[in-house]
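Next come the chains, spelled out residue by residue.
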Amino acid sequence: MGDVLAGIHATWEFESDALVIRFERGIRTPRLFQALRERRVPYEALASATLAPGRRGTVVLHAVPRPGVDPLMEAAAGQLKETCDPYRLALPADREEQAARLRDELTAVIPPGPADPADRFDTGFLVAAPQGPLSFKAYDGKATFDGASEVSFRWSSTMATSEKWKTGDQVFPLRELSGVEWRSPDSPGGFLRLLPRGGAPRADRPDHDPASVVFGLGYGPVHDSLPFAAAVLSAIRAKDRTPVPVGARSAAHGDPGAIAERIRHLSELHQAGLVTDEEFAAKKTELLAEL
């Protein structure tokens, strides 16, 4: 196609096989867009294109993605505000004629979808996950993803619940995970939860669940936590999906330095009265057995 359409906060370039969205950087651009920077969306990842009136003398061109093709939208699960939807391009109303022409051209190059609209692309995502960030500060700890094999949670000494302190900092190999659940920090009770394979039992409350970090005012904002969730989800989908026994341990668990650090952390909890003598002895024995 070769056309370029510059809108408010983003520019769309229509290549021969994909729509390339480049987001502007500026104080008025949503911070999620600034974090995304650029996205390449193959036309086969789209279901349709629409054009509708927007707010305050604008029109909105919307490239509608198919379900299950984009890890960002999959993680968002419909929770993004319209103004933060990366597939919506707002334009001044006097550009409506150009936008309508490009909508028609885009519609013409979108291939037919599956016979059943509910079908999903379960073998892999068609749109690449955002490049970052791969760590963010939550209310009760810090979440970090190494970009390839594991996610870790390091608890805050002042904000994490005693249930999380008792379990200690957590490391989750991707091969033991089946997905990610993200609840927007823009609503009360926001959190990011890692889902284990096999549907293992977990605490109902995210603040008691060692596989979750919770959000709060200024903690885990959308532009940090959602790209993180999308990156983890994409990496999980790319991994071999063969189930791993619940009790399986990563090689890192046998590292003497890492185990010594976990024992030191456990001792601090014991001295603070957050772990009983019996719990301390049992957990220390378990850690030493991993050497």
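What you see is a predicted model; the values in this text were computed from it and never measured. (Residues numbered from 1 in each chain as written. Predicted model: local features only at pLDDT ≥ 70, side-chain atom pairs only at ≥ 80, totals over all residues. Heavy atoms only, no water.)

## Side note on the packing of aromatic side chains
The condition is simple: Ring pairs shown here join Phe, Tyr and Trp side chains whose ring centres sit within 6.5 Å, with only the six-membered ring taken for Trp; geometry is labelled stacked below 30 degrees between planes, edge-to-face above 60, and tilted in between. When accessible area is computed with a 1.4 Å probe and restricted to protein chains, residues below 20% of their type maximum are described as buried, those above 50% as exposed, and intermediate ones as partly exposed. Criterion for a charge above a ring: Arg CZ or Lys NZ at most 6 Å from the ring centre, at most 35 degrees from the ring normal.
A complete count under the given rule lists seven aromatic pairs for this structure. With a centroid separation of 6.4 Å and 65° between ring planes, the pair formed by W12 and F14 is classed as edge-to-face. Here W12 and F14 have matching classes, each one buried. Directly above the ring of F125 sits R237, whose terminal nitrogen or CZ lies 4.2 Å from the centroid.

## A few points about the pattern of salt bridges
Worth spelling out the cut-off: The rule for a salt bridge is simple: a side-chain nitrogen of Lys or Arg has to be within 4 Å of a carboxyl oxygen of Asp or Glu. Only DSSP runs of H or I with at least four residues qualify as helices, and only runs of E with at least two residues qualify as strands; both kinds are numbered from the N terminus onward.
Counting across every chain of the model gives 15 salt bridges. Between D3 and R101 there is a salt bridge, and its shortest N-O distance comes to 3.8 Å. Taken together, the residues span a long stretch of sequence, with D3 in the segment before β1 (4-6) and R101 in helix α3 (residues 96-109) at a distance of 98 residues. For R101, a relative accessible area of 38% translates into the label partly exposed. We note a salt bridge from D169 to R154, for which the minimum N-O separation is 3.1 Å. Of this pair, D169 sits in the loop between α4 (162-167) and β11 (170-173) while R154 sits in strand β10 (residues 150-155), placing them 15 residues apart in sequence. For D169, a relative accessible area of 28% translates into the label partly exposed. Overlapping salt bridges bring together E181, R183, R193 and D209 as one network.

## Topic: the confidence of the model for the protein
What counts is decided by this rule: Scored from 0 to 100, pLDDT records how confident the predictor is in each individual residue. Contact between two residues is taken to exist if any of their heavy atoms lie within 4.5 Å; hydrogens are not considered.
On average, residues of the protein score 87 in pLDDT, and 85% of them are at 70 or above. Ignoring residues within four places in sequence, the model shows residues 240-253, a span with pLDDT below 50, making 20 contacts including any to other chains.

## Side note on unusual backbone geometry
A positive phi is found at H9, a non-glycine position, where the angle reads about 80°. Examined against the element boundaries, H9 turns out to sit in the loop between β1 and β2 (10-14). The phi angle at R37 is positive, at roughly 65°, despite the residue not being glycine.

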